[in-house]
Structure formats: structure tokens, C-alpha cells
Amino acid sequence: MGQGNKAEMLIAVCAVITSVVALFIGWSQMRVMKGQQEAEVWPMVQLTHETDFNDETVSYAITVENAGVGPALIDSFVIAMPGQPTTTDFYELVDYMVGKDIGDPYTAFRSLEGRVVRHGTEMNAIKASWDSTDETRAALQRRLTQFVAGEEESAVVFICYCSILEDCWVSSTLDAQTRPEPVKSCTALDTTSNALLASHAPPKPVKATNP
């Protein structure tokens, strides 16, 4: 091989190496830009069981808060109650969490599916209120004590939501789930909720039995 051919070969190899390096740099920059875009619109939905006692009313609510930096599009939700089929009926949730002895509540309900929750905002999926009396206060406190003492299992609400870039997550009221679970889509919420229950649910309460 002559000197000219060697020079041409070296130039060709250098050109290939340059192209590969440029391709890698471009790919890396695209990944960085995509990560920046995702971070700029990342929503983080948090769900909470809330109770309130004041001079006028006692209440129970499920709050939905977007603590992220981008809007959250709620796709679907499901409620899991111990020993019962899953449901999307928040009135059934109120009956389970509060009990029926307290009487019929005043309720305020908002449909979740398809709702957009802006960053930094909070809403009630449902809020049930009763006039504050000795009886209603005692009934709600008695039910709360059963959950806190581990005598009863709490119901769990799961919500699947997506960002404007169509990245999706599942959040829940499970205390042990500290971060939303990333999912490919919201089409298999039942499967995801079952997996989260299996991995994050607290031990089942053991009820005392008489000897």
C-alpha cells in the first residue's frame, strides 16, 4: 500500500470516528434535553385520608394534591377495601372508613377521571361532613382509633395520572408508598394496585380472641 493510500485510509478512519463521536454527543444531548423537559413538567400527586373536628362539623375527606411542577392528568382510580371487591364508589369508601353508626353525611364529590390538577393545587375527591355533636365526634373518633390501633385495615385509594409528555405514575394512600410508582400506561391499574398492596401493605390486624 502506497503512502497516498495510507493517508486516505487514515483520513477515512478519522472521519468515521468523528461521525461516531458526533452521533454520541448528539444522543447524549437529546437525553439531557428530554430529562430537562420531563423535570420541568413532572407532576407528583399525593393522596391523603383527612379528618377534621371543629365546633360546627366533623368531617372525613380524601384529598388530592399535586406537589410537582407540572400539571397532572388523572386517568383513572380504584378503591381497595379489605374483604370487598375493588370499587370506584367514594360513598362506599365513606361508609367503610367512617361507619354507618354516625348517620348520613353532607357530601361534596368531584369526579376524578379526566380531571387536570395544576401544580401546587389541592382538591377533595370527596368530603363527608356531619354536624358536630357529642355523638358524631365520639363515633368518628372511635373509628379512627380502630385504624390507628391496628384493629382494622384502612381502605386504600389508587390514582393513575400522566404528565403532558404522557409519562405516567400510580399514587396511593399507602403510608409505605413514599414515591409514585412509574408505569408505562394507566391501562393496567388493577394489576399495579394489587402489586403495590402486596409489597407495601401493613401487616393484617390480629383480633383478640377469648380463651
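In the block above lies the structure referred to throughout.
Calculation notes
- Note on numbering: residues in each chain are counted from 1, in written sequence order.
- Per-residue local features are limited, in this predicted model, to residues with pLDDT of at least 70; the limit for side-chain atom pairs, both in listing and counting, is 80 or more; totals at the level of whole chains, interfaces and linings are taken over all residues.
- To obtain the side-chain values, all non-hydrogen atoms of the structure were used and water was disregarded.
- Helix and strand assignments come from DSSP, with helices taken as H or I runs of at least 4 residues and strands as E runs of at least 2, each series counted from the N terminus.
- Relative accessibility under 20% of the residue-type maximum defines a buried residue, over 50% an exposed one, and the middle range a partly exposed one, all with a 1.4 Å probe and only protein chains included.
- Contacts are assigned to residue pairs that have any heavy atoms within 4.5 Å of one another.
- Polar contacts, as counted here, are pairs of nitrogen or oxygen atoms within 3.5 Å of one another; within protein the pair requires one atom able to donate a hydrogen and one able to accept it, and residues that are adjacent in sequence qualify only if both atoms are side-chain atoms.
- A pair of Phe, Tyr and Trp rings is counted when the ring centres sit within 6.5 Å of each other, with Trp represented by its six-membered ring. The angle between the planes then sorts it: under 30 degrees is stacked, over 60 is edge-to-face, the rest tilted.
- A positively charged side chain is recorded as over a ring if its NZ (Lys) or CZ (Arg) lies within 6 Å of the ring centre. The angle to the ring normal must also be within 35 degrees.

Draft legend 1. How the structure looks around the environment of Ser185. Within the secondary structure layout, Ser185 lies in the loop between strand E9 (181-183) and helix H4 (189-200). Among the residues examined, Ser185 registers a relative accessible area of 34% and is labelled partly exposed. Measuring from C-alpha to C-alpha, the distance between Ser185 and Trp169 comes to 7.9 Å, with 16 residues separating the pair along the chain. For Ser185, the contacting residues outside a window of four places in its chain are Cys160 and Cys168. One polar contact links Ser185 to Thr187, side chain to side chain, over a distance of 2.9 Å.

Draft legend 2. Representation of the packing of aromatic side chains in the model. All told, the structure shown has five aromatic pairs when counted by the stated rule. Ring geometry for Phe90 versus Phe109: centroids 6.0 Å apart, planes at 50°, classification tilted. Here the residue Phe90 occupies a position in helix H2 (residues 90-98), and Phe109 occupies one in strand E4 (residues 106-109), the gap between them amounting to 19 residues. By relative accessible area, which is 39% here, Phe109 ends up partly exposed. A centroid spacing of 6.0 Å and a plane angle of 40° characterise the contact between Tyr91 and Phe109, whose relative ring orientation is tilted. Here Tyr91, found in helix H2, pairs with Phe109, found in strand E4; they are 18 residues apart in sequence, far enough to count as distant. Judged by relative accessible area, Tyr91 falls into the partly exposed class, the value being 40%. Here a set of aromatic residues connected by ring pairs shows up, and it is made of Phe77, Phe90, Tyr91 and Phe109. A cation over a ring is seen here: Arg143 above Tyr96, with NZ or CZ 5.2 Å from the ring centre.

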